[in-house]
Amino acid sequence: MESHSRCEQTMTYCLMQGGQHADMAMMGPLMDCADMTRMCADMMMRQSPMAMEMAAMCAKVANKCAEACMSMGNDSMMKECANACRMCAEACQAMAGARA
């Protein structure tokens with residue numbers, strides 16, 4: 001949920017910044033990650049039988065978002081979002097691996 005919240009906050013920040021921050025190369029990964037992390041958390045909470053597969057996909061999306069955020073240079077808000085997404089990706093990857 002931290003990654004979901006951070007992506008939502010970062011989308012607002014990016015729209016306020018405009019320019020490169022608000023183009024689809026940045027907004028697309030943020031929107032995908034916000035949606036995916038919320039859905040993944042919901043599935044885990046209700047113990048969906050598909051939660052582990054969703055966690056694997058969520059890890060991929062969160063990593064892509066972290067990469068996009070880090071492409072924005074030394075922007076502290078973008079770095080915070082990237083860190084939250086990386087932590088989410090690591091947790092989701094561990095959870096997806098637990099099904100084996």
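Let us look at the structure shown here.

Okay, the side chain of Ser3 next. Its location among the elements puts Ser3 in helix 1 (residues 2-17). The residues touching Ser3, leaving out its near neighbours within four places in the chain, are Cys33, Thr37, Ala84, Cys85 and Cys88.

This paragraph deals with helix 4 (residues 76-97). Its 22 residues give helix 4 an end-to-end C-alpha distance of 32 Å, which sits within 8% of 32 Å, the value for a rise of 1.5 Å per residue. Within the span of helix 4, buried status applies to Met77, Met78, Cys81, Ala82, Ala84, Cys85, Cys88, Ala89, Cys92 and Ala96. Summarising the axial view, the buried residues of helix 4 lie within an arc of 165 degrees, below the 170-degree limit, and thus occupy one face. For helix 4, the exposed residues lying more than 90 degrees away from the buried face are Met87, Glu90 and Ala94. Looking at the buried positions of helix 4, the neighbouring elements they touch are helix 1, helix 2 (24-45) and helix 3 (51-70).

Mapped onto the elements of the fold, Ala62 is located in helix 3. The buried category is assigned to Ala62, whose relative accessible area is 0%. Between the C-alpha atom of Ala62 and that of Ala34, which follows or precedes it by 28 residues, the distance is 8.8 Å. The contact partners of Ala62, leaving out residues within four places of it in the chain, are Cys33, Cys85, Cys88 and Ala89.

Let's shift gears to the environment of Ala82. Relative to the assigned elements, Ala82 resides in helix 4. With a relative accessible area of 0%, Ala82 lands in the buried category. Once the C-alpha coordinates of Ala82 and Cys69 are considered, the two residues, 13 residues apart in sequence, prove to be 5.5 Å apart. Setting aside anything within four residues of it in sequence, one finds Ala82 in contact with Ala66, Cys69 and Met70.

Turning to its location among the elements, Ala68 is positioned in helix 3. By relative accessible area, which is 11% here, Ala68 ends up buried. Measuring from C-alpha to C-alpha, the distance between Ala68 and Met24 comes to 11 Å, with 44 residues separating the pair along the chain. Excluding its chain neighbours within four sequence positions, the residues that come into contact with Ala68 are Ala25, Met26 and Pro29.

Scoring rules and cut-offs
Residues numbered from 1 in each chain as written. Predicted model: local features only at pLDDT ≥ 70, side-chain atom pairs only at ≥ 80, totals over all residues. Heavy atoms only, no water. Helix = DSSP H or I, 4+ residues; strand = E, 2+ residues; numbered from the N terminus. Contact = heavy atoms within 4.5 Å. Expected span 1.5 Å × (residues − 1). Buried < 20%, exposed > 50% of the residue type's maximum accessible area, 1.4 Å probe, protein only. Arc of directions from axis to C-beta.

Any link to function would need more than the numbers given here.
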